[in-house]
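Geometric and topological summary
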Amino acid sequence: MHNMIQAFASKDRIPVSHLSTKTPGADSFLMPVDTFLPSKTEMESIKDEYKTMIQRIIVQHVDDFRDIKVADHIYHPYMAQSKKKSEIVPLGVYDLDESTIHDAIKIGEIMQSYVPKNITIPLFGDGLSCERINDAQNSRISETTFCDRLEGIEPAISEWHKRLLFIQDLFKELFNGSSLTEAGTLCHAKNMLGFRNLKSDISQSFNQATEFIDIVTSAYVVACAKEALERVGSQQQSPEEAFQFVVAEVLRVAWHPPNGLTSEEKTNNNNEDNFEDSYSSDDEDANGTTHTLYKYCKCHEDRGGMMICCDNNYCKEGVLV
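I will try to describe carefully the structure that is included in this document. Sequence order as written defines residue numbering, which begins from 1 separately in each chain. For a predicted model such as this one, the threshold for reporting local features is a pLDDT of at least 70, and the threshold for listing and counting side-chain atom pairs is 80 or more; totals across whole chains, interfaces and linings nevertheless cover every residue. Excluding hydrogens and water, the side-chain values take into account all heavy atoms of the structure.

**What to know about unusual backbone geometry**
- Positive phi, close to 60°, is recorded for asparagine 118, a residue that is not glycine.
- Numbering goes from the N terminus for both helices and strands, where a helix is a DSSP run of H or I of at least four residues and a strand is a run of E of at least two. Structurally, asparagine 118 is set in the loop between α3 (101–112) and β3 (121–125).
- Residue class for asparagine 118 comes out exposed when judged on its relative accessible area of 52%. Buried residues are those whose accessible area, probed at 1.4 Å on protein chains only, stays under 20% of the maximum for their type, while exposed residues exceed 50% and partly exposed ones sit between those limits.

**Let's talk about a nonpolar patch on the surface**
- A surface patch of nonpolar side chains, about 240 Å² in accessible area, is lined by Ile46, Tyr50 and Met53.
- As for its placement among the helices and strands, methionine 53 is situated in helix α1 (residues 40–61).
- Classification of methionine 53 by relative accessible area gives partly exposed; the value is 41%. Without a salt bridge and with relative accessible area above 30%, a residue can belong to a patch; like charges are then joined within 9 Å and nonpolar side chains (Val, Leu, Ile, Met, Phe, Trp, Tyr) within 5 Å. Accessible surface is estimated by sampling points in the Shrake-Rupley manner with a 1.4 Å probe; for residues, cover comes only from the protein chains shown. Salt-bridge detection follows one rule: a side-chain nitrogen of Lys or Arg within 4 Å of a carboxyl oxygen of Asp or Glu.

**Description of helix α5 (residues 159–174)**
- By definition here, a helix of n residues has an expected span of 1.5 Å times n minus one. Compared with the 22 Å implied by 1.5 Å per residue over 16 residues, the 22 Å span of α5 between its first and last C-alpha is a close match.
- Taken together, the buried positions of α5 are occupied by His161, Leu164, Ile167, Gln168, Leu170 and Phe171.
- In this description, contact between two residues means that some pair of their heavy atoms is separated by no more than 4.5 Å. Where the residues of α5 are buried, they touch α4 (127–139), β4 (153–157), α6 (186–192) and α7 (206–232).

**Some points on the packing of α1 against helix α8 (residues 239–254)**
- Helix axes use the C-alpha atoms of the stretch in contact, all axes being lines fitted to C-alpha atoms, and the angles between their N-to-C directions lie in the range 0 to 180 degrees. Between α1 and α8, whose axes approach to 10 Å, the crossing angle comes to 125°. With respect to α8, the element α1 is oriented oblique. Considering the relative orientation of α1 and α8, their crossing is right-handed. Touching Lys47, Tyr50, Lys51, Ile54, Gln55, Ile58 and Val59 of α1 are Phe243, Gln244, Val246, Val247, Val250, Leu251 and Ala254, all from α8. Put simply, angles under 35 degrees are roughly parallel, angles over 145 are roughly antiparallel, angles from 65 to 115 are roughly perpendicular, and the rest are oblique. Handedness of a helix crossing follows the sense of rotation of the near helix relative to the far helix, less than a right angle counterclockwise being left-handed and clockwise being right-handed.

**A closer look at the pattern of salt bridges**
- Counted by the stated rule, this structure contains six salt bridges.
- Across the pair arginine 149 and glutamate 151 runs a salt bridge whose closest N-O atoms are separated by 2.7 Å.
- Of the residues examined, arginine 149 reaches a relative accessible area of 22% and is grouped as partly exposed.
- Residue glutamate 151 is classed as partly exposed on the basis of its relative accessible area of 33%.
- When salt bridges that share partners are traced, they join Arg231, Glu249 and Arg252 into one network.

**Observations regarding the side chain of glutamine 55**
- Summarising the element assignment, glutamine 55 is placed in helix α1.
- Excluding residues within four positions of it along the chain, glutamine 55 makes contact with Val70, Phe243, Gln244 and Val247.

**With respect to the packing of aromatic side chains**
- Between rings of Phe, Tyr and Trp, where Trp is taken as its six-membered ring, a pair exists when centres lie within 6.5 Å; planes separated by under 30 degrees are stacked, by over 60 edge-to-face, and by other angles tilted. Applying the stated criterion across every chain, the model contains six aromatic pairs.
- Ring plane angle 35° and centroid distance 5.6 Å describe the contact between phenylalanine 171 and phenylalanine 175, whose orientation is recorded as tilted.
- By relative accessible area, which is 26% here, phenylalanine 175 ends up partly exposed.
- Ring geometry for phenylalanine 171 and phenylalanine 212: centres 6.1 Å apart, planes at 45°, overall tilted. Of this pair, phenylalanine 171 sits in helix α5 while phenylalanine 212 sits in helix α7, placing them 41 residues apart in sequence.

**Let's talk about the packing of α5 against α7**
- Put simply, α5 and α7 touch, their axes get as near as 11 Å, and they point 65° apart. Crossing of α5 over α7 shows left-handed handedness. Together, Trp160, Arg163, Leu164, Ile167, Leu170 and Phe171 of α5 and Phe206, Ala209, Thr210, Phe212 and Ile213 of α7 make up the contact between the two elements.
- Each residue is assigned to one class: nonpolar for Ala, Val, Leu, Ile, Met, Phe, Trp, Tyr, Cys and Pro, charged for Asp, Glu, Lys and Arg, and polar for all the others, Gly among them. Of the residues assigned to the contact of α5 with α7, the class counts are nine nonpolar, one polar and one charged.

**Here we look at the nonpolar core**
- Think of a nonpolar core as a cluster: buried Ala, Val, Leu, Ile, Met, Phe, Trp, Tyr and Cys residues, connected wherever their side-chain atoms sit within 4.5 Å. One finds Ile54, Ile58, Phe65, Phe243, Val246 and Val250 to be the most contacted residues of the largest nonpolar core, which totals 22 residues.
- For this core, the secondary-structure elements that each account for two or more residues are α1, α7 and α8.
- Top element by residues in this core is α7. It accounts for seven residues.
- When sequence neighbours within four positions are dropped, the list of residues in contact with valine 250 reads Ile54, Ile58, Val221, Cys224 and Ala225.
- Among the nonpolar cores identified, the runner-up in size contains 15 residues, and Leu96, Ala104, Ile107 and Ile133 belong to it.

Structure representation (structure tokens):
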């Protein structure tokens, strides 16, 4: 197989020249864990996006709510710039093989030649291409100038490849080939919808996988909405009230806060005195015996602090939930 490289430049519609390119000086080991985890505000924002997408699917596929008006777009600060058409300039096709370090360096030099002096811009590609460019930069780390060290380019995984990895992980987690006859599973849906050419390697059938996930997601939302709608049938409600009830029910099923905690429980966990109460609950089995149920692990060993996963190496259930 003969490899070649195709390159193009795209104008960034959102201005970023005012942002600093310097690496933050903070020591990551001294930063609190909360810095790397979604905040309550961010989680509420994601939940609102869930709600908007659920509303769109229901209005599109459930006849009872066809006339309900929902948001066409999820607002963000750069909507005006994002609406503009992309300006793309072809940079040519190069007879170079990025799998060799020699050609990877040449590719880096070509891309560096388009970058203004002392400016760093992202160079997008798939995950493997980014690794090749990283290797090329490492091989030039002892050079004396900014350009010779290829510091004007910053390898970054392109958006489509992030989506590919997400769908690949989703299939690894939720797709099971042995569930062909079980209605409601991805394997059963794949067969029923005729996606027989959908391969386990998503990179070989990316468009089909994307279409399949869109269809199945809509189907699950509609099925849940229909079930909720049956409970509304006997009640005297306006279409808008019924719609809000159905959306709330679907959101309740679809939305799972991180680590299995609700917003109220997260607030309680800020108080160390309530640690045991907020991380466990009591449950009574059929024999009347009361058991303490821990949301994180069943080894029941508390080592202090906010536990994300069990720190006991001998605990077989010390995993994220």
